[in-house]
Amino acid sequence: MQLIDIHTHTKREEGSTAILDLGTACPDGRLCSIGIHPWRISNEWEEQFRIVEESVTRKEVVAIGECGFDTLKSPATKEEQYRVFIKHIELSERVKKPLIIHLVKGADLLLRAAKEQQHNERWIIHGFRGKPTQAQQLLSVGMYISLGEKFNIETAKIIPLDRLFIESDESNIPLYNIYQQIAQAKEISIEELAAQIILNAKECGILER
């Protein structure tokens, strides 16, 4: 059984296909995502973004991000975060790769972007811990939601299987255990869950069809 880890900062586990978050580091052959985390937006972000643009066409780069909004920890203002996020959207559309989105207390900005910016590529909210009401709001504008070690059980229940991803992020818990917990919440087998996540990864262009 193959397990997809849509977002991790650690090494791949045996039996899984992991998307490693590299920030603005140079890809090294492993499947990865690259982008500017909202915590790391600085006055030099345009130079950082040029580094991302130089690497993004490489085959092992399968997604853009994590990028997005964090109004608690980012040193940037809301409008600065919004401008940087728009650049990631434009890049995602240009190279036809999905966005991995960091979202903390910035749903209003994300929904604004979804309304104002035309996009065809998939947007994936990583590490979502919110309540079902916020999940429904994000799902209603076409987003995918990725759950990790800490998740709201009621939220897990209402996410459609074809809009769901699973991740380890920075967790020390084995990926299999996270899959197991989410499968239990959705009252399905781990095998059914794993098979659907593979289909979702193919649909988003993260895995080849």
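Residues numbered from 1 in each chain as written. Predicted model: local features only at pLDDT ≥ 70, side-chain atom pairs only at ≥ 80, totals over all residues. Heavy atoms only, no water.

Draft legend 1. Focus on the overall build of the chain. A count of helices and strands for the chain gives seven helices and eight strands. On C-alpha atoms alone, the chain measures out to a radius of gyration of 16 Å, which is about the 17 Å that the 2.2 N^0.38 rule sets for 209 residues. The C-alpha extent of the chain, read off along each of the three principal axes, is 45 × 40 × 30 Å. A total of 209 residues make up the chain; the buried ones form 53% of that total. Long-range contacts, defined as pairs at least 24 residues apart, comprise 61% of the intrachain contacts of the chain with a sequence gap of at least 6. (Helix = DSSP H or I, 4+ residues; strand = E, 2+ residues; numbered from the N terminus. Rg over C-alpha atoms; globule rule 2.2 N^0.38 Å. Buried < 20%, exposed > 50% of the residue type's maximum accessible area, 1.4 Å probe, protein only. Contact = heavy atoms within 4.5 Å.)

Draft legend 2. Quick look at the environment of Ile182. Relative to the helices and strands, Ile182 is located in helix α6 (residues 175-186). Put simply, Ile182 and Ile166 are 16 residues apart on the chain and 8.5 Å apart in space, counted from C-alpha to C-alpha. In this structure, Ile182 is in contact with Leu147, Gly148, Phe151, Leu164, Ile166 and Leu193, ignoring residues within four places of it in sequence.

Draft legend 3. Representation of the pairing of strand β4 (residues 61-70). With ten of ten residues buried, β4 is to be regarded as a mostly interior element. The pairing of strand β3 (residues 32-34) with β4 spans three bridges and is classified as parallel. Across the sheet, Ser33 pairs through a bridge with Ala63, a residue of β4. Here β4 pairs with strand β5 (residues 99-104) via six bridges, running parallel. Across the sheet, residue Phe69 finds its bridge partner in β5, namely Leu103. Taken together, β4, helix α2 (residues 78-95) and β5 form a β-α-β motif whose crossover is right-handed. (Pairing = 2+ DSSP bridges. Right-handed = clockwise from strand over helix to strand, strands pointing away.)

Distances and angles like these do not, on their own, reveal function.
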